[in-house]
Amino acid sequence: MKKRLLTAAIGITLAVAWLFTMYTPIYSAVMSIISMIATYEMLKVYEIKNIVFKILCLASSACVVLYADYKSKLNLSLFPVITAFVLLCLIIMVIDHKKLPFQNVVCAMFSATLIPASLSCAVLFRDIYLLDGKDFTKSDGVFFILLAFLCSWLTDGFALFTGMAFGKHKLAPEISPKKTVEGAIGGVVGNTLFCIGLYYTFKAKFNLSPTIKLWEIVICAFSLSCISIFGDLAASTIKRSHGIKDFGNILPGHGGIMDRFDSSLFVFPSLYALLVVIYHI
């Protein structure tokens, strides 16, 4: 537990420092690196050994995030690029079909597109103030970024400690034996209350836009906490089906990047979808 808490403290410090780079190339570059590491961990799970295929997937995982940041300057449609990526993957599969089973190739392609697409939402949140006809500010972008991370990470943290203190009923014993119903409830409630506090803090200190209402944030925080739990269970299902405990070991006490960002891959795009529905962005 000490190692886990120390890693979390260092991670929070680095995350805060990263937020100060929001309007520099470092911001998207960091997300690209995280995307590449997470994709690499998934390629190891799928036992992908073809070097060319690996490079192609890692390039995709980095470039999708960078595209989200520089799409206005690139003047390039992502559709033909993704199509070319898929076709190249299938061509490599045909050439090296004995070492690249179709199911592994599909899983790798899925990971190399889903992971960066989800993490790219961090760029979309940052740039929300640029939307025409909307009254969002730069502070709103920071708020939504923090909301996404908090709903991913605090839900897990509150669920862990609540489960340790009060957990009696297993949530999904065949997938993740340690998770409990009480822990899940504690995670959702604790995160929702914390996000309410975040809302009032930004309202009072950081000029949060009047467009953003408390009831909207309560709905988002509650919904995203539930989605975060399912994201964590989905990752646990993948690990269990492949007989592994963690996706990696880069983060002491936590495992790999995917172990820390698994629920974020569900929460980030879900938050963006909620913003589309609520604010018609």
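Residues numbered from 1 in each chain as written. Predicted model: local features only at pLDDT ≥ 70, side-chain atom pairs only at ≥ 80, totals over all residues. Heavy atoms only, no water.

> Got a sec to walk through the overall build of the protein chain? Specific residues and values, please.
Helix and strand counts for the protein chain come out as 11 helices and 2 strands. Ordering the α and β elements of the protein chain from the N terminus gives α-α-α-α-α-α-α-β-β-α-α-α-α. Against the 2.2 N^0.38 benchmark of 19 Å for 281 residues, the protein chain shows a C-alpha radius of gyration of 19 Å, consistent with a compact globule. Projecting the C-alpha coordinates of the protein chain onto the three principal axes gives extents of approximately 60 × 50 × 30 Å. Relative to its full complement of 281 residues, the protein chain shows a buried share of 44%. Sequence-distant contacts, at least 24 apart, represent 73% of the contacts inside the protein chain between residues at least 6 apart. Accessible area for the protein chain stands at about 14,600 Å²; split by element, carbon and sulfur atoms hold 72% of it. Separation of charge centres in the protein chain, based on 24 positive and 16 negative side chains, amounts to 6 Å. (Helix = DSSP H or I, 4+ residues; strand = E, 2+ residues; numbered from the N terminus. Rg over C-alpha atoms; globule rule 2.2 N^0.38 Å. Buried < 20%, exposed > 50% of the residue type's maximum accessible area, 1.4 Å probe, protein only. Contact = heavy atoms within 4.5 Å. Areas by Shrake-Rupley, 256 points an atom, 1.4 Å probe, with all protein chains shown as cover. Lys, Arg positive; Asp, Glu negative; His and termini not counted. Charge placed at Lys NZ, Arg CZ, Asp CG, Glu CD.)

> Explain the side chain of Ser236 to me, using residue names and the numbers behind them.
As for its placement among the helices and strands, Ser236 is situated in helix H9 (residues 214-241). Among all residues touching Ser236, those that are not within four sequence positions of it are Ile175, Ser176 and Lys179.

> Could you give me a rundown of the packing of helix H7 (residues 138-166) against helix H8 (residues 181-205), with the residues and numbers involved?
The interhelical angle for the contact between H7 and H8, taken along N-to-C directions, is 150°, at an axis separation of 7 Å. In the packing of H7 onto H8, the handedness of the crossing is right-handed. The class makeup of the residues in the contact of H7 with H8 is 17 nonpolar, 9 polar and 1 charged. (Axes fitted to C-alpha atoms, helices over the stretch in contact; angles between N-to-C directions. Left-handed = near helix turned anticlockwise from the far one by under 90°. Nonpolar A, V, L, I, M, F, W, Y, C, P; charged D, E, K, R; others polar.)

> Please set out the packing of H7 against H9 residue by residue, giving values where relevant.
Two numbers describe how H7 lies on H9: the axes approach to 8 Å, and their chain directions differ by 50°. Relative to H9, H7 is oriented oblique. In this structure, H7 meets H9 at a crossing whose hand is right-handed. Residue-level inspection shows Phe143, Leu147, Cys151, Ser152, Thr155 and Asp156 of H7 in contact with H9, the latter providing Ile217, Cys220, Ala221, Leu224, Ser225, Ser228, Ile229 and Asp232. (Parallel < 35°, antiparallel > 145°, perpendicular 65-115°, else oblique.)

> I'd love a proper account of the side chain of Asp262, names of residues and values included.
Along the chain, Asp262 falls in the loop between helix H10 (257-261) and helix H11 (264-279). The charged side chain of Asp262 is buried without a salt bridge, its nearest counter-charge being Lys239 at 5.1 Å. (Salt bridge = Lys/Arg side-chain N within 4 Å of Asp/Glu carboxyl O.)

> Tell me about the environment of Lys170, residues and numbers included.
Mapped onto the elements, Lys170 comes out in strand S1 (residues 170-172). Judged by relative accessible area, which is 49%, Lys170 ranks as partly exposed. Sequence spacing of Lys170 and Trp153 is 17 residues, and the spatial spacing of their C-alpha atoms is 21 Å. In this view, Lys170 contacts Pro177, Lys178, Lys179, Thr180 and Val181; residues no more than four positions away in its chain are not counted.

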